[in-house]
Amino acid sequence: MDLHDLFLNFQYVNASCTLFTDFERSALETAVAILQKEHGSKFAKFNFWGKIRTAGVFDYVLLQGINAPLRLDQGNFRTTFYSIDGCVTFKALLPVDQQTVQRCSKIFGLFKGDPKFEYKGQDPPPPALDQYKQWESGPAVEKAPTEDEESKEEDEEVKPQSLEFSLTEEQRLAELILRIDEDTSLIPKGA
């Protein structure tokens, strides 16, 4: 939703007090004016993206800045800003890589309301190196190992460990917005 339309229709949006409190509404108007002043030359317009509920005191309020020369071939033509302090300040979300997207798919539950909160998880262990060697050289021919080779194999045999990772809630938020944007974006027929 275009912010200009949102400000004009606040009386209707806020009728049930479900979208914005009075404090958030007045803070949002001020924060958007500051964003437009700071980033006005980079973005043609700002859109209200939405609000994501958290288990904390404040919810994430999201705005997207659309690049001034709107060309889809430029790659990332929009930047998402979030606020967690009741729309007083906004911070830009950093783009996420493919590995972060895969890791975020393993995390479930409500957002905590703290962008620095760290989620812990484990990546699956990588396949054993012997499997790669077998794929490269074809089927292996079994030889009877000698006693020295057996003792070396027992010493060298190390089970692959799962790799632990941590993600911040800010990364998880960026991944969620990326996924929703990708799932809901439309391309005109015949384009």
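So, here's what we can say about the structure. Note that this is a predicted model, so its numbers are computed, not measured.

**Examining the environment of I66**
Right, so step 1: Mapped onto the elements of the fold, I66 is located in strand β2 (residues 60-67).
Right, so step 2: Expressed as a C-alpha distance, the spacing of I66 and A44, which sit 22 residues apart in the sequence, is 5.8 Å.
Right, so step 3: Those residues in contact with I66 that sit more than four places away from it in its chain are K42, F43, A44, K45, N47, F77 and R78.

**Some thoughts on the sheet that holds strand β4 (residues 91-92)**
Right, so step 1: Taking strand neighbours across the sheet as the criterion, the four strands line up as β1-β2-β3-β4 in an open arrangement whose pairing is antiparallel. The sheet terminates laterally at β1 (43-52) and β4, the two strands that pair on one side only.
Right, so step 2: When β1 meets β2, the two strands line up antiparallel, connected through eight bridges. If you follow K51 over to β2, its bridge partner there is V61.
Right, so step 3: Sheet contacts for helix α3 (residues 22-39): β1, β2 and β3 (78-83); angle to β1, the most-contacted strand, approximately 145°.
Right, so step 4: Sitting on the sheet, helix α7 (residues 169-184) touches β1, β2, β3 and β4, and the angle it makes with β2 is about 60°.

Cut-offs applied
- Residues numbered from 1 in each chain as written.
- Predicted model: local features only at pLDDT ≥ 70, side-chain atom pairs only at ≥ 80, totals over all residues.
- Heavy atoms only, no water.
- Helix = DSSP H or I, 4+ residues; strand = E, 2+ residues; numbered from the N terminus.
- Contact = heavy atoms within 4.5 Å.
- Pairing = 2+ DSSP bridges.
- Axes fitted to C-alpha atoms, helices over the stretch in contact; angles between N-to-C directions.

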